[in-house]
Amino acid sequence: MLGSICVRHSAAIVVLVVCCACVRAETLSFAAPVKYQVPTPVGVGVSDLNGDGRPDIAVVNNSGSSVSILLNSGMGTFGPAGVFPTAGNPSRVVLADFNRDGLADLATSHNSNPGLVSVLTNTGNSLSAPSIFAAGKNAWGFASADFNKDGRDDLVVSNNDFPSNALQILLNTSTSAGISFQGPTGFGTQAYNTELAVGDLNNDGIPDAVVANPSGGDGQSSFMVYISRGDGSFYAPVSYAGTRQTLSVVLGDVNSDGKLDVLVNHYISSGGFFGRPPTVTGRLDVCLNKGDGTFTFSHSYDLGPVRYMSHVLALGDLRRSGKLDLVYIGASTISIMQGNGNGTFSAPVLLSNMTANEVKLADVNQDGNLDLLASDSGNNALAVFLNNAPPAYPPTIGSVPPVTLEQESAEGTTYNLGLPKAFDYAGRPLEVISDAPGIFPPGTTVVTFSAKDAWGKEVTSTTSVTVVDTTPPVVTAPGAL
């Protein structure tokens, strides 16, 4: 397993932010971030890499031309990062079982010319040297999904260059003998694309793609929708006009109608697209799905300063409310907008002052709540914000079998019934109390055992103790008169 990785490690320190107070966003509450040192973090991915049932983290190091692996030690804590080489200038990472051996493999996209994809095979106790595949020019956005319905995850990238196809797809041809991809095959002619998102937009069971397009061929393109044919190709893209310079795109059902909607973050900057300013003024557009993979504009929100060319947006139900909340990266901040479940969002609330490149939501401590991961480029670290919401899973308690006792005296019987074991969601033992009396009286007594976890969630179990007198009476004949 990857727990026995033999690689060079980045400096093995864990930086704890000295802050006792929790960071709160209305009903949301996150612990202060724990930071793990990585070289030059950009993209973030999450999956169980060593088969222990815990989600691990992969972080792309752009200038380091590598990917860092942080193995989950339990309870959302991680060991020091193991570093694996990739091709140059990696920007994004995806984790998927490309060869269907039950182990999550790793792929990175590379913002280079020509564009590249590195694939590292999970061998069970390490990751292989990278296999390199062509991917157009300046591969930027990156995702995996089964686009041709053969049961294997394919790769798709967006190209941030001109001239170039907007979208490049690499079809998975892997076998048990090794991982391989066919292609790439290009679609669309829009130039300088940034992020992409993948999901079933028209409810036909086939993943489609949406590409953020800062400088499209039509000069006004905000995002492009590519509906999949189901054979690894796409219909001609549909352009949705908006502000010319679009940074990021994310998909999610924000109005609770069972259809994936599109949220895009775009910006207006006096520096222009080619000026590449470090921060720009951001604006969020919410576009609702009509049900057939076409969209209508719904709402806009000013986001203030945001980082240029960062993976700015993430959606997830952070409150277990059934409503998707939005996390976005500002110029040097991370903020949260709570979703109302009808396509609208509350005003942003600051989560952290941090210069981040990407945010990812995942339940890394397995308590049923989404935690937040951020590539903290300002400190060369991966920041883990644990969600302080009560665990979704109640504590558990064992049982004590019923018992029948012989009556010892008129008061009853003294008996030590013992206690069942109880645990919280993470398997930590809890104190158990009972209402068992010291002496059980004749008849049946119901005994209740109870335990509470740290969040006050209580669990109980019962048993019964029956005291009976089975000794026949003794009749003594009267003495002689």
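For the structure itself, consult the block above.
This report concerns the structure included in the present document.

The rules behind each value
- All residue numbers refer to positions counted from 1 along the written sequence of the respective chain.
- Totals for whole chains, interfaces and linings use all residues, but because this is a predicted model, local features are given only for residues with pLDDT of at least 70 and pairs of side-chain atoms are given and counted only at 80 or more.
- Each side-chain value is derived from all of the structure's non-hydrogen atoms; neither hydrogens nor water enter the calculation.
- Comment: elements are numbered from the N terminus, with helices defined as DSSP H or I runs of at least four residues and strands as E runs of at least two.
- For every residue, the accessible area (1.4 Å probe, protein chains only) is compared with the maximum for its type, and the residue is labelled buried under 20%, exposed over 50%, or partly exposed between those bounds.
- Any two residues having at least one pair of non-hydrogen atoms within 4.5 Å are treated as being in contact.
- Here the Shrake-Rupley method, with its probe set to 1.4 Å, supplies the accessible areas, and only the displayed protein chains count as covering residues.
- By this definition, two strands are paired if DSSP reports at least two bridges between them.
- Under this scheme, a helix contributes an axis fitted over its contacting stretch, all axes are lines through C-alpha atoms, and angles between N-to-C directions fall in the 0 to 180 degree range.
- Aromatic pairs are defined between Phe, Tyr and Trp rings, using the six-membered ring for Trp, whenever the two ring centres lie within 6.5 Å; interplanar angles under 30 degrees are classed as stacked, those over 60 as edge-to-face, and all others as tilted.
- Each reported salt bridge corresponds to a side-chain nitrogen of Lys or Arg within 4 Å of a carboxyl oxygen of Asp or Glu.

## Some points on the overall build of the protein chain
Within the protein chain, the regular secondary structure consists of zero helices and 41 strands. Sorting the 481 residues of the protein chain into buried and exposed places 53% on the buried side. Considering only contacts within the protein chain whose residues lie at least 6 apart along the sequence, 50% involve residues at least 24 apart. Looking at the protein chain as shown, the accessible area adds up to about 19,500 Å², and 53% of this sits on carbon and sulfur atoms.

## Comments concerning the sheet that holds strand β14 (residues 131-134)
Taken in spatial order, the four strands of this open sheet run β11-β12-β13-β14, and their pairing is antiparallel. The sheet terminates laterally at β11 (90-96) and β14, the two strands that pair on one side only. Each neighbouring strand pair of the sheet contributes to a mean axis angle of 25°, computed without reference to strand direction. In the sheet, strand β12 (residues 105-110) pairs with strand β13 (residues 116-120) via five bridges, with the strands oriented antiparallel. By the bridge assignment, Ala107 is partnered in β13 with Val119.

## Focus on the packing of aromatic side chains
Summed over all chains, the structure comprises eleven aromatic pairs. Residues Phe133 and Phe181 carry aromatic rings whose centres are separated by 5.4 Å and whose planes lie at 80° to one another, so their mutual orientation is edge-to-face. Placement of the pair is Phe133 in strand β14 and Phe181 in strand β18 (residues 181-187), with a sequence separation of 48 residues. Measuring from ring centre to ring centre gives 5.5 Å for Phe147 and Phe234, while their planes differ by 65°; the resulting arrangement is edge-to-face. Remark: Phe234 occurs in the loop between β21 (221-226) and β22 (238-241) and Phe147 occurs in the loop between β15 (139-145) and β16 (154-159); sequence separation between them is 87 residues. Judged by relative accessible area, which is 5%, Phe234 ranks as buried. One aromatic cluster is present, formed by Phe147, Phe187, Tyr226 and Phe234 through successive ring pairs.

## Considerations on the pattern of salt bridges
Scanning the entire structure with this criterion turns up nine salt bridges. A salt bridge links Asp376 to Lys35, with the shortest nitrogen-to-oxygen separation between them at 2.8 Å. Placement of the pair is Asp376 in strand β32 (residues 371-376) and Lys35 in strand β4 (residues 34-37), with a sequence separation of 341 residues. You can call Lys35 buried: its relative accessible area is 12%. With its nearest N and O atoms 2.6 Å apart, the salt bridge here joins Arg428 to Asp424. Residue classification places Arg428 among the partly exposed residues on the basis of a relative accessible area of 35%. Take Asp424: its relative accessible area is 8%, and that puts it in the buried class. Within the structure, one salt-bridge network assembled from shared partners comprises Arg92, Glu195, Glu358 and Lys360.

## Focus: the pairing of β15
Taken across its seven residues, β15 has six buried, putting it largely inside the fold. As paired strands, β15 and β16 are joined by five bridges and run antiparallel to one another. In the strand pairing of β16, Ala139 is matched with Asn159.

## Some details on unusual backbone geometry
In the segment running from Gly183 into Pro184, the intervening peptide bond is cis, with an omega of 15°. Within the secondary structure, Pro184 sits in strand β18. With a phi angle near 55°, Arg320 is a residue other than glycine that sits in the positive phi range. Tracing the backbone shows Arg320 in the loop between β27 (313-316) and β28 (325-329). A relative accessible area of 38% means that Arg320 is categorised as partly exposed.

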